[in-house]
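Structural overview for review
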Amino acid sequence: MKILFYDTKSYDRESFEAVVKNFPEISIEYTKSDLDPRTAALAEGFDAVCAFVSSDIGTRTMEILHARNVRLILMRCAGFNNVDLDTAEKYDIRVMRVPGYSPEAVAEHAMALALASNRRLYKAYNKVRENDFSLSGLMGFNFYQKTAGIIGTGKIGAAMCRICHGFGMKVMAYDVYQNDSLKDFVEYVSLERLLSDSDVISLHCPLMDSTYHLINIETIKKMKDGVILVNTSRGALVKTNDLIEGIRMHKFAGVGLDVYEEETNNVFEDRSDEILEHSTTARLLSFPNVMITSHQGFFTREALGAIASTTLQNASDFAAGKDSPNDVPFVHGGTA
Ligand code: NAI
């Protein structure tokens, strides 16, 4: 079976080439173009396309893929909210995904952000490079014996609970379901109590109507002064303007964000002054206690390897006519 791999980065190619050897029935061609209505016709002669969160797989793209006899869309990510599932169903195009790949990758990055913002590592790094060895502005606090508040204890949140426990922290969690594997060292509490008692708060729930702007000025006011807030889940869990207000109120010792509301608008790719002036992300970056990374939580060798293995196993299951738990059901929705 022939797969056209869209939006190829060098690291994608390396991880897929390492795994495709184990699937002799599959061949992959790579293109740097992302999948959208202008590029969908490139899939002529391919059985499947491999796409990502950034791809535009709306109605028009789907129609073109159908006209080119593409039968399978392999999402190399968990999310599928950019896929027009109704049209996929209409044309009998199967959509498969990678529901989970390496929760530890994201949890470790969340802890890295918490530590880096607590000890101002970004500032320390720059100071020392400029030959300034003074410690002013670098004081943090011990995590040992402090309280971590984990919101959402699914795969990634549970990994974060284990890491915090390993640091000797008291771990509190809030979730709509309790994770039994954590019962020996995690205390489930109300959201109110988690907000008021935690020294480090880390968000690991999905973005849904019920979690949209979960962190807003009301919830921020309930937090301890000097708290560290980390978000590696989805930008819109946090109402950015309220976060800025909270930072101005000196609520936070540090804020570490791997995701932010403007992520999909390419604010920093289009660096026009006007866009940057109105960008809440640019405003966040002006604060010395905020550290932002560019949605890299998942980006480890292990996670990329797992994404490649699962995606190619999905392709192989399709070729063999097998059902798979990684099939995206033909109903509206989507999470990660
Ligand atoms: P998961 O589905 O295993 O866990 C999510 C947890 O959130 C579940 O336990 C669920 O019960 C809980 N939850 C749902 N509604 C809630 C609410 N209103 N309040 C509190 N908890 C609630 O998901 P997983 O794999 O742990 O991923 C979590 C999130 O991490 C994803 O939704 C995604 O947004 C983000 N993510 C970020 C990545 C990155 O590179 N930064 C990579 C992969 C995922």
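Summary of the structure given here. (Residues numbered from 1 in each chain as written. Predicted model: local features only at pLDDT ≥ 70, side-chain atom pairs only at ≥ 80, totals over all residues. Heavy atoms only, no water.)

1. Some details on the sheet that holds strand S9 (residues 200-203)
Spatially, the 7 strands line up as an open sheet ordered S8-S7-S6-S9-S10-S11-S12, and their pairing is parallel. Among the strands making up the open sheet, the edge pair consists of strand S8 (186-188) and strand S12 (290-292). Across the sheet, the axes of successive neighbouring strands diverge by a mean angle of 15°, strand direction being ignored. Note that strand S6 (residues 147-151) and strand S7 (residues 170-174) share 5 bridges and pair parallel. From the neighbouring strand, isoleucine 151 faces S7, where its bridge partner is tyrosine 174. Lying over the sheet, helix H9 (residues 240-248) contacts strand S10 (227-231), strand S11 (252-257) and S12, oriented at roughly 150° with respect to S11. (Pairing = 2+ DSSP bridges. Helix = DSSP H or I, 4+ residues; strand = E, 2+ residues; numbered from the N terminus. Axes fitted to C-alpha atoms, helices over the stretch in contact; angles between N-to-C directions. Contact = heavy atoms within 4.5 Å.)

2. As for the environment of phenylalanine 185
Position of phenylalanine 185 relative to the elements: it lies in the loop between S7 and S8. Residues phenylalanine 185 and valine 238, spaced 53 residues apart in sequence, show a C-alpha to C-alpha distance of 27 Å. Setting aside residues no more than four positions away along its own chain, phenylalanine 185 makes contact with Cys161, Arg162, His165 and Val171.

3. Here's the deal with the site of the ligand
The local shell around the ligand holds 25 residues, among which Lys155, Ile156, Asp175, Thr232 and Phe298 are the closest. One of the backbone nitrogen or oxygen atoms of glycine 154 is found 3.3 Å away from an oxygen atom of the ligand. Here the ligand has 860 Å² of accessible area as a free molecule, and 85% of this is covered by the chains. Split into classes, the residues belonging to the shell around the ligand amount to 11 nonpolar, 10 polar and 4 charged. (Near = heavy atom within 4 Å. Polar contact = N/O pair within 3.5 Å; in protein donor to acceptor, adjacent residues only side chain to side chain. Areas by Shrake-Rupley, 256 points an atom, 1.4 Å probe, with all protein chains shown as cover. Nonpolar A, V, L, I, M, F, W, Y, C, P; charged D, E, K, R; others polar.)

4. Some details on the side chain of lysine 251
Here lysine 251 is to be found in the loop between H9 and S11. Of the polar contacts made by the side chain of lysine 251, one reaches the backbone oxygen of methionine 223; its length is 2.5 Å. Ignoring sequence-local partners within four residues, the contact set of lysine 251 consists of Ile220, Lys221, Met223, Lys224, Asp225, Gly226, Val227 and Gly246.

5. A few points about the pairing of S6
Counting buried residues along S6, 5 of its 5 residues qualify, which places the element largely inside the surrounding structure. Alternating positions in S6 separate into two faces, Thr147, Gly149 and Ile151 on one and Ala148 and Ile150 on the other, with burial throughout. Crossover connection from S6 via helix H6 (residues 155-166) to parallel S7: handedness right-handed. Pairing between S6 and S9: 4 bridges, direction parallel. Directly across from isoleucine 150, in S9, lies its bridge partner serine 202. (Buried < 20%, exposed > 50% of the residue type's maximum accessible area, 1.4 Å probe, protein only. Right-handed = clockwise from strand over helix to strand, strands pointing away.)

6. Points about helix H4 (residues 103-118)
Over its 16 residues, H4 extends 23 Å from the first C-alpha to the last, a length consistent with the 22 Å expected when each residue adds 1.5 Å. Every buried residue of H4 is listed here: Ala105, Val106, Ala107, His109, Ala110, Met111, Leu113, Ala114, Ala116, Ser117 and Asn118. Following H4 by one or two positions, arginine 120 has its phi on the positive side, about 55°. (Expected span 1.5 Å × (residues − 1).)

7. As for the pattern of salt bridges
Under the definition given, this model contains 14 salt bridges. Across the pair arginine 76 and aspartate 12 runs a salt bridge, and its minimum N-O distance is 3.9 Å. Here aspartate 12 lies in helix H1 (residues 10-20) and arginine 76 lies in the loop between strand S4 (72-75) and helix H3 (85-90), a separation of 64 residues in the sequence. Residue aspartate 12 is classed as buried on the basis of its relative accessible area, which comes to 8%. Residues participating in the shared-partner salt-bridge network are Glu187, Arg193 and Asp197. (Salt bridge = Lys/Arg side-chain N within 4 Å of Asp/Glu carboxyl O.)

8. What to know about the nonpolar core
Counting 26 residues, the largest nonpolar core has Ile201, Met223, Leu243 and Phe252 as the members making the most contacts within it. Once residues within four sequence positions are removed from consideration, isoleucine 201 is found in contact with Gly149, Ile151, Leu194, Leu195, Met223, Val227, Ile228, Leu229 and Val230. (Core = buried A, V, L, I, M, F, W, Y, C linked by side-chain atoms within 4.5 Å.)

9. A few points about the sheet that holds strand S5 (residues 94-96)
Here we have 5 strands laid out as an open sheet, ordered S2-S1-S3-S4-S5, and parallel in their pairing. Of all the strands in the sheet, just strand S2 (27-30) and S5 have a single pairing partner and so form its edges. Between one strand axis and the next, the sheet turns by 20° as a mean value, whatever way the strands run. Across the face of the sheet, helix H12 (residues 301-319) comes into contact with strand S1 (2-5), S2, strand S3 (48-51), S4 and S5 while running at roughly 160° to S4.

10. Describing the state of the cysteines
Scanning the model with the defined rule gives 0 disulfides in all. Cysteine 50 provides the cysteine sulfur closest to cysteine 77, a residue in no disulfide bond, and the two sulfurs are 8.6 Å apart. No disulfide involves cysteine 161; its nearest neighbouring cysteine sulfur is the one of cysteine 164, lying 6.8 Å away. (Disulfide = S-S within 2.5 Å.)

11. A short note on the environment of cysteine 50
On the secondary structure map, cysteine 50 appears in strand S3. Accessibility expressed as a relative area gives 1% for cysteine 50, which makes it buried. When the C-alpha positions of cysteine 50 and leucine 214 are compared, they lie 33 Å apart, and in sequence the two are 164 residues distant. The contacts of cysteine 50, once residues within four sequence positions are left out, are Ile3, Leu4, Phe5, Tyr6, Leu74, Arg76 and Thr311.

Function-wise, these values are silent; they only describe arrangement.
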